[in-house]
Amino acid sequence: MKRIIISSIILLLFLTAKADIKLPAIFSDNMLMQQKTQVNIWGQASANKTVTIKASWNKKAIKTTADANGNWKAVLTTPVTDGKTHNLSISDGKSITINNILLGDLWFCSGQSNMEMPMKGYKNQPIEGGTMDILNSKNNSIRIFTIKRNASLTPLTDVTGQWQEANPETIREFSATAYYFGRQLNKSLQIPIGLLHSSWGGSSVEAWMSKEMLEAYPQAKIPTSAEGIKDKNRTPTMLYNAMVYPVLGMTIKGFIWYQGESNYDRANTYTSMFSDLVKGWRAKWAQKDTIPFYYCQIAPYDYSLVTAKGKDVINSAFLREAQAKAEFSIPKSGMAVLMDAGLKECIHPSKKQVAGERLALLALVKTYRIKGITAESPVYKSIEIHNDTVQISFERTDLWITAKNAELKQFKVAGEDKVFYPAKAWIVRSKVYVKSEQVAKPVAVRYAFENYTDADLFDTEGLPVSSFRSDNW
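So, how was this worked out
Residues numbered from 1 in each chain as written. Predicted model: local features only at pLDDT ≥ 70, side-chain atom pairs only at ≥ 80, totals over all residues. Heavy atoms only, no water. Helix = DSSP H or I, 4+ residues; strand = E, 2+ residues; numbered from the N terminus. Buried < 20%, exposed > 50% of the residue type's maximum accessible area, 1.4 Å probe, protein only. Lys, Arg positive; Asp, Glu negative; His and termini not counted. Salt bridge = Lys/Arg side-chain N within 4 Å of Asp/Glu carboxyl O. Contact = heavy atoms within 4.5 Å. Pairing = 2+ DSSP bridges. Axes fitted to C-alpha atoms, helices over the stretch in contact; angles between N-to-C directions. 1 Å grid on protein atoms, 1.4 Å probe; cavity = no way out; pocket = protein on both sides within 12 Å on 5 of 7 lines; lining within 4 Å. Points joined across faces, edges and corners; volume = space filled by probe spheres on them. Nonpolar A, V, L, I, M, F, W, Y, C, P; charged D, E, K, R; others polar. Phe/Tyr/Trp six-rings, centres within 6.5 Å; stacked < 30°, edge-to-face > 60°. pLDDT = per-residue confidence, 0-100. Core = buried A, V, L, I, M, F, W, Y, C linked by side-chain atoms within 4.5 Å.

So, about the side chain of Glu 261. Mapped onto the elements, Glu 261 comes out in the loop between strand 11 (254-258) and helix 7 (267-285). The buried charged residue Glu 261 lacks any salt bridge, with Lys 352 as its nearest oppositely charged partner at 7.3 Å. Contacts of Glu 261, omitting those with residues within four sequence positions, involve Gln 112, Asn 114, Ile 298, Tyr 303 and Ile 347.

Written out as structure tokens, the structure is:
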């Protein structure tokens, strides 16, 4: 018995010694670190101890000192990626090593269920082409990390998750939108790509914002206790505290975002609220104020299916409009239009490759400066009224515009009575002309301004035009 007790004490002392250096989950084997920059790293060690960090890519020793609570931070200089794996040793007298590290570009991927939706799909809700893409997903140069769902009243210091290499087993469970985004960047740029994924289905934009970011919105009630909270994912600040705050120092290349469905009934505040989220995240990340932020516009869906009996059906086109406006108030941003990728009876579209690759197009053109391709959809500019016909002008139409199947069926016009009627529409070069026999003197026009619609107006290179309206009724 005495021998067992002594052995247990020795084991306990050994484990305690090994725990002197502790790193957050995001600094671990198989990780990807941002290339060609100053990279933040932090953790815990013995109080007041000198911490020495050595990276295999330059073999230089970086020293820092833990504070009285054992917390330490350091900055490493990373070179341009060489495609090789590296290691990092951290020691305060007792050492740990992070193995199989890649240098490349790291993107933070967040939002609600359409970002969270895995490559395997949801029950009865498949990913188009998912099975074969999972099968062919083995790729050592794509690294993924999914932050496990969590919510908190106060900011946390760590997350739960692990870095993994892309292969059929890991990609099956990973965000489809994020994977298709990363796969296209990896293929086009021929560099390693890391995807740090943090999303929660059904979450509101308020849940991803800090208390400071929500100061201008008194209607967003900041919780002070867990009492009465029904939906943590829709409670202001709770996902920010648990799923964003712990990784704020992680040096990244940019953000992608797919959210908005849970805010479709509050479109009037979404443009400013979403803009404040982006501004707040950039500031909190302590990187450049204009770190790229690319996001998906929510896809068409019949919201009458989730509207309680006796309640008015809210038109989600107003939320799509709010998202489109945000693009012009947020510097270094871009919106992937998904007007052709929705499903009438399912809020989770199967065309996640479309979403991911359109986000990738934005990054490739606006961040990586790839020439020869177009990434931004045409946008509505203005109208002119000529007797019974409305002439519509657009921006971003260098190669003009085109109609799906040579037909335009999604336009409506209204007169002074504000009643909209289906209209005949046709294209002349970069303009659309619209008229209706039921409206002799039109004053306003709308395109695809419905909950569910199938887009039929595109640019020549295949990007759909967002729903829009000329009125403000």
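Now, onward.
What follows is about the sheet that holds strand 14 (residues 379-386). In spatial order, the strands read 14-15-20-19; together these four strands make up an open sheet with antiparallel pairing. One side of each edge strand has no neighbouring strand; the edge strands of this open sheet are strand 14 and strand 19 (424-428). On average, each strand axis in the sheet is inclined to that of its neighbour by 25°, with strand direction left out of account.

Turning to the pattern of salt bridges, a few remarks are in order. Counted according to the given criterion, the structure contains 20 salt bridges. Note that Asp 454 and Lys 404 form a salt bridge whose closest N and O atoms lie 3.3 Å from each other. Within this pair, whereas Asp 454 is found in the loop between strand 21 (444-447) and strand 22 (457-459), its partner Lys 404 is found in the loop between strand 16 (401-403) and strand 17 (411-414), the two being separated by 50 residues in sequence. On the accessibility criterion, Asp 454 (34% relative accessible area) is partly exposed.

Using the criterion set out here, one finds three cavities of 30 Å³ or more in the structure. In terms of lining, the largest cavity is formed by Ile 53, Lys 54, Ala 55, Trp 57, Asn 58, Lys 60, Ile 62, Leu 76 and Thr 77. Sort the elements by how many residues they give to the lining of the largest cavity and strand 3 (residues 50-55) lands first, with three residues. Among the residues forming the lining of the largest cavity, the class breakdown is five nonpolar, two polar and two charged.

Here we take up the pairing of strand 17. Pairing of strand 17 with strand 21 involves four bridges; the strand directions are antiparallel. Following the sheet pairing, Val 413 is matched in strand 21 by Val 445. Where strand 17 and strand 18 (residues 420-422) come together, three bridges link them in antiparallel fashion. Residue pairing across strands places Val 413 opposite Tyr 421, the latter belonging to strand 18. Counting the residues in the hairpin turn of strand 17 and strand 18 gives five residues, including Lys 418, whose phi is positive at 65°.

The final tally for this structure, using the stated rule, is 32 aromatic pairs. Pairing Phe 108 with Phe 255 gives two aromatic rings, centres 6.2 Å apart and planes at 85°, and the pair type is edge-to-face. Of this pair, Phe 108 sits in strand 7 (residues 95-111) while Phe 255 is found in strand 11, placing the two residues 147 residues apart along the sequence. Taken together, the ring pairs in this structure connect Phe 108, Trp 208, Phe 255, Trp 257, Tyr 270, Phe 274, Trp 281, Trp 285, Phe 293 and Tyr 295 into an aromatic cluster.

Looking at the protein chain, the pLDDT average stands at 94 and 96% of residues meet or exceed 70. Across residues 4-19, confidence stays below pLDDT 50; counting only partners more than four residues off in sequence or on other chains, it has one contact.

Within the largest apolar cluster, 99 residues are counted, with the highest numbers of intra-cluster contacts made by Met 33, Leu 88, Trp 281 and Phe 411. Per element, the largest residue contribution to this core is eight residues, and it comes from helix 7. Setting aside anything within four residues of it in sequence, one finds Met 33 in contact with Phe 27, Val 39, Ile 41, Trp 57, Leu 76, Leu 88, Ile 101, Leu 102, Leu 103 and Gly 104. In terms of nonpolar packing, the next biggest core, distinct from the first, is built from 38 residues, Ala 178, Leu 185, Ala 336 and Ala 355 among them.

This next bit is on the environment of Lys 409. Position of Lys 409 relative to the elements: it lies in the loop between strand 16 and strand 17. Between the C-alpha atom of Lys 409 and that of Leu 319, which follows or precedes it by 90 residues, the distance is 22 Å.

Strands pair in a sheet through their backbones, by hydrogen bonds, and they do so in one of two ways: parallel or antiparallel. In spatial order, the strands read 18-17-21-23; together these four strands make up an open sheet with antiparallel pairing. Two strands bound the open sheet, and with one partner strand each, they are strand 18 and strand 23 (468-469).

Next up on the list: helix 8 (residues 317-326). Most of helix 8 sits out of view: eight of its 10 residues are buried. Among the residues making up helix 8, those that are buried are Ala 317, Leu 319, Arg 320, Glu 321, Ala 322, Gln 323, Ala 324 and Ala 326.

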